[in-house]
Structure formats: structure tokens, C-alpha cells
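In case you want the letters, here they are:
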Amino acid sequence: MRPASVDVDVLVVGAGPVGLLLAGELRRGGVDVLVVDRLAEPRTESRASTLSARTMELLDERGLVPSLGDPPREPAGHFGGIPLDLSAQPSRYAGQWKVPQPVLERILADAAERAGARVQRGHELVGLTQTGDTVHARLTGASGVVTVRAAYVAGCDGEDSTVRRLAGIAFTGPAATHRILRADLRGVQLPRRRFELLPGGLAISARSPDGVTRIMVAETGADADVSRPATFEEITLVWKRVTGEDVSGAEALWVNAFGDASRQAERYRERRVLLAGDAAHQQLPAGGQALNLGLQDAVNLGWKLAAVVRGDAPPGLLDSYHGERHPAGRRVLANIQAQARLLFDGNRPSGARELMAELIEQPTVRDLLASGISGLDVCYARGPHPLVGRRAPELAARQTGLPTTTTRMLRTGRGLLLDLGGAGGWLRAAWQGWGHRVEFGAAEPGQAYDGATAVLVRPDGIVAWAGTDGTGLREALRTWFGAAAAPAGAAAAPPPRIRTAPPVATRLPA
Ligand SMILES: Cc1cc2nc3c(=O)[nH]c(=O)nc-3n(C[C@H](O)[C@H](O)[C@H](O)COP(=O)(O)OP(=O)(O)OC[C@H]3O[C@@H](n4cnc5c(N)ncnc54)[C@H](O)[C@@H]3O)c2cc1C
């Protein structure tokens, strides 16, 4: 049978949290998106359950925080099992937020579909070729093979990414040295164990408000073969050996094994194919950093890829995705590897854990580690002002005379140019020509803005420019938002704002 063909701006492979958030971002940027997933239904296993302060800020900048309901906030996290206070971080979302991954995925799927993305499940990517300006993706589903022609493909298909393999992108780094068993149990009462290093290994147990207890155990000296599926019987025996507790009478809702491999894609882009989330990096799921790192890839990529598809991106914008997120990912992987060393110290004390516990008491060390775990330390560039390349802390603002906040202003999907007091006419004059890409407003200067009288913020909430007299501002506008629509001051029709493509009309055969 001749394969049918479907055309779309961006094909997102994988309806996990990263693919779904990216789909919503692309729709905000006005392009049409088709998301496919090989699973017929969304997954229900708990997996990750922690959102960091930075992820919460980003969800707020998308208007998605109310959909989370009232998730429990924990003021402390851990670094390699050593308690770490996160509550003093400079964010309204300081701490860690407990949101089960299936809940987050449902919220992101609803948001993406409401924005006009089409999510089609039961379609597996099996082939990928790039010719000229098109990527041809071969998908198999219940009704056979279908070929989708897309301008770009985003591989958000998890750590065993087919997109990554078909695009020929190497995935390198140390293999797992530990096998960790995990189970979600109902019907047990266990003492809470927060990363306890016992003579036989590492044991963790925590009960969630719905009465489910998650246990995790890594036995000292066990093999590191994570390809061998875990069974409830195995985890029961290992848990007994390490903790002395019997969980054999519990109902096992989910059992699995994972490892501490640390791999990263060598390139996040291969021409018209991009990688994000676990497809781009594999790590020990410590403290929710795996999920949060991937969500932040999606937010960095979405507005850039949308601008390229719309045809108004400045040169190099899409390459800045790899340029920014690859080092950010490498840094988080290094952080997680260091935590793994502390976690698996076990009954072979090296002194590192004791020393780290002492160091964490020092405010500077605590702040450094807490800002990393909270995702607030990302720095993509070093600019003349210390905020350039970093997240823009939230400010109270006014737009066309009405009170608002910078968080609310970012919900439009455009950049922001803010007068922080006394910038004067030069700021508004510089803005002329970029009004269709960048919102203009005034904000109360916050302490964090360190003397700047004006600031330019990208759609992903990162400071592109900050200063006191416009030096370098037009260059920053061109770098991130492309050429001005008309010379400053020229009498011209107002340029169009971001076009929103109609929702994808194409439908894959069921
Ligand atoms: C078993 C397990 C337990 C975890 N536990 C934790 C935890 O406790 N804490 C923590 O922080 N993190 C945990 N993680 C990691 C966390 O879940 C991931 O970091 C997060 O899901 C990454 O999101 P993603 O969207 O990048 O990839 P995924 O969530 O893996 O989504 C990828 C999607 O792509 C689909 N897909 C794959 N191949 C194809 C294909 N060829 N064609 C079409 N669709 C395809 C898959 O069906 C899947 O829906 C766990 C992960 C797993 C797998």
C-alpha cells in the first residue's frame, strides 16, 4: 500500500512531558505542530514527582500554575542524600513542588491541545531522512505505515531515542555502575528513610498523601545490569537484606530498575532534527533534576524554532539552542554524578560525605548547591551586566498604565523591554521596529537588577540585555529578535504581530 503523506511545520516525536511542553511553546510561537507517541495511552506510573523553583516560574510564565491545584511544597531537598535547605532561594517558588508526572503530563497535554497542537498516540517513529528543507518521518501504527513530511522534527522520545539514533547523533558518557530497584507499594507502613546509608546499601522510603509508599534500594556490591527487569520478589529480598523489613505482604503497583549512567548527545541539532529532554541526556533521576532539565530544554527551544519556522529568526538563533543547553545539561550531569558518588558511598566511607555535610552548612556552599538544584543558576552568557544570560527575576510592572507583573507579560510568548525607572525617550525609540516581537512596559527596579535602568528579556525569561544608556541594546534586539520591521521613526504601517497558524488540520489514520 502506498504510504499516505501529511505535512506539518514541526513533528514532535514523544508525548512525554518535554514533547508536550515543547508543542505548547511552538503553538505560542504561531507554528503548527503534530505530536506522535508510540503508546496508545499516556503512562500512569509515578516516575518523577518534583518540580523545581525554576520550572514553577516557567509554568507560571505560561499561565499553567493554577492547573497544578495546590501541590505540596517541600522547603528542603537534598544533595547526594544530604539535606539541603532550598527555602531561601530568591524565587516566589523557592523549594520543591510535589507533582506526580502523570498529572503534569495531563496538564501539559491539555494546554498543548487547547493551543491547537494535535497529539496522536499509537504511532511509532521508525524511519527518518532529511532532504533539502524537509524531514521525512516514517511512522507505524495500527493502520500501517504513514510518512509525515515536516520542516523540522523534535526528538523528545526519551533516553532510548529513535530520533537520536536515526539522525546519527552519538550518545556518550559513563555507563551505569549501580542498579537501583524501586517499587510503589500499597498496604505497608514503613519508617520514613531519607537516603539512609546502611551497612548493606542505600535505602529510601517515603509515603505520599495518597497512601502509596515508594521504596528504593541499591545493595552494595550488586551488579549494575539495568537491562534485567526488576521483579517484586527481587526487591522484597533486597529490601529485607538491606533494611531488615519485610514488604512481601504489600501490593506492588509498579516495580522497576534504573541506573546511574550519565550520557549526553554530542549534538542537540542535526540540520532539521533537534533533541530535547531525556533524548538529549540520560542521568540518575536524583531530586527531579532529569525532568526539570528536560522541561527547560523545551522552553529554550520552543520560541527559537518557532521563529525559524515563521521565517523571522536572526541568523544563528537555532544554533544557540545547542550552544546554551548542551553546556547547561553537561553541568547538571556533572552535578548528578557528584551526588551519585555521595549516595553510593555506602559502607565504604571515603570521608567525602562527612566533609560535604560540613561544607553544606557554609552559607556560600549551601546557596551555590541550592540554586543549582532549584534550576535558578543557569547562566548562558557573560555580558557587560551581571544579569545578562540569567533568568529575569520577577518584577511588579505597568503596561499601558495598568498594573501587571513581568511573569504575566511573558505569557504572550513575546520578549519584554522594560523601563526600570528613568530610562527616558531613548528606550522607546530603540523599541520602534520591534513592537511586534517585544512587549514594552515599566517596572519597579528590583534589587536584583543591580543598577540597570532598562532590561530586555527573551520569551524564555532570560535577560538578553541590561544597562543604563542603550549601549548595545539595538544589537541585542537584532541578535535575539531579528532585524527591525522598519527603520526607527519611519512612518510605516505597524508590523504584524506573531501570526498564529490554524491548528493542524491533518490527521493520521487511527
Ligand atoms: C522508569 C522511569 C522512572 C523514573 N523515575 C524518576 C524519578 O523518580 N525522578 C525523576 O526525577 N525522574 C525520573 N524519571 C525520569 C523522568 O521520568 C524523565 O526525565 C522524564 O520523563 C523525561 O521526559 P521526556 O519527555 O524527555 O521523555 P519521556 O518521558 O521518556 O517520554 C518519551 C516519550 O516518547 C515516546 N517514544 C519513544 N520512542 C518513540 C518512537 N520511536 N516513536 C514515538 N514515540 C516514542 C515514549 O512512549 C514516551 O511517551 C524516570 C524515568 C523512567 C523511565
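That block above? That's the structure.
Residues numbered from 1 in each chain as written. Predicted model: local features only at pLDDT ≥ 70, side-chain atom pairs only at ≥ 80, totals over all residues. Heavy atoms only, no water.

**Student:** So what's going on with the site of the ligand? Which residues, and what values?
**Tutor:** The environment of the ligand is formed by 29 residues, the closest being Asp37, Arg43, Gln101, Leu125 and Arg182. Between the ligand and the protein, one listed contact pairs an oxygen atom with a side-chain N or O atom of Asp37 at 2.5 Å. Backbone polar atom of Arg38 to a nitrogen atom of the ligand: 3.0 Å apart, as the coordinates give it. Considered on its own, the ligand offers 980 Å² of accessible surface; in the complex 89% of this is hidden by protein. Counting residues per element, the shell around the ligand draws most heavily on strand 9 (residues 123-131), at three residues. In the shell around the ligand, the residues fall into 11 nonpolar, nine polar and nine charged. Residues lining the shell around the ligand come from more than one domain, with at least three contributed by each of domain 1 (4-174 + 263-373) and domain 2 (179-259). (Near = heavy atom within 4 Å. Polar contact = N/O pair within 3.5 Å; in protein donor to acceptor, adjacent residues only side chain to side chain. Areas by Shrake-Rupley, 256 points an atom, 1.4 Å probe, with all protein chains shown as cover. Helix = DSSP H or I, 4+ residues; strand = E, 2+ residues; numbered from the N terminus. Nonpolar A, V, L, I, M, F, W, Y, C, P; charged D, E, K, R; others polar. Domains from an automatic or database assignment.)

**Student:** Kindly report on the pairing of strand 13 (residues 179-186), identifying the contributing residues and their values.
**Tutor:** Among the eight residues that make up strand 13, seven are buried, leaving the element largely enclosed by the rest of the structure. The pairing of strand 13 with strand 17 (residues 251-259) spans eight bridges and is antiparallel. Following the sheet pairing, Asp184 is matched in strand 17 by Trp254. Examined bridge by bridge, strand 13 and strand 16 (residues 213-219) share five bridges and lie antiparallel to one another. Considered in strand 16, the bridge of Ala183 is made with Ile215. (Buried < 20%, exposed > 50% of the residue type's maximum accessible area, 1.4 Å probe, protein only. Pairing = 2+ DSSP bridges.)

**Student:** Summarise the sheet that holds strand 15 (residues 201-207); cite the residues concerned and give the values.
**Tutor:** The strand order 14-15-16-13-17 describes an open sheet built from five strands, whose pairing is antiparallel. Looking at strand neighbours, the two that pair on one side only are strand 14 (193-198) and strand 17, the edges of this open sheet. On average, each strand axis in the sheet is tilted by 15° relative to the strand beside it, whichever way the strands run. Helix-sheet contacts for helix 5 (residues 232-243) involve strand 13, strand 14, strand 15, strand 16 and strand 17, and the interaxial angle to strand 16 is about 70°. (Axes fitted to C-alpha atoms, helices over the stretch in contact; angles between N-to-C directions. Contact = heavy atoms within 4.5 Å.)

**Student:** Give a description of the sheet that holds strand 26 (residues 454-457) that names residues and reports values.
**Tutor:** Strand order in this open sheet of six strands is 23-22-25-24-26-27, and the pairing throughout is mixed. Because the sheet does not close on itself, it has two edges, and the strands there are strand 23 (402-405) and strand 27 (463-467). Between one strand axis and the next, the sheet turns by 30° as a mean value, whatever way the strands run. Pairing of strand 24 (residues 415-419) with strand 26 involves four bridges; the strand directions are antiparallel.

**Student:** Can you break down the side chain of Glu25 residue by residue, with the values?
**Tutor:** For Glu25, the location among the structural elements is in helix 1 (residues 17-28). Contacts of Glu25, omitting those with residues within four sequence positions, involve Arg62, Ala298, Val299 and Gly302.

**Student:** Lay out the packing of aromatic side chains in plain terms, naming residues and giving numbers.
**Tutor:** Under the defined criterion, the tally for this structure stands at six aromatic pairs. Between Tyr93 and Trp97, the ring centres sit 5.7 Å apart and the planes meet at 70°, which makes this aromatic pair edge-to-face. Each of the two residues, Tyr93 as well as Trp97, counts as buried. Ring plane angle 80° and centroid distance 6.5 Å describe the contact between Trp426 and Trp465, whose orientation is recorded as edge-to-face. (Phe/Tyr/Trp six-rings, centres within 6.5 Å; stacked < 30°, edge-to-face > 60°.)

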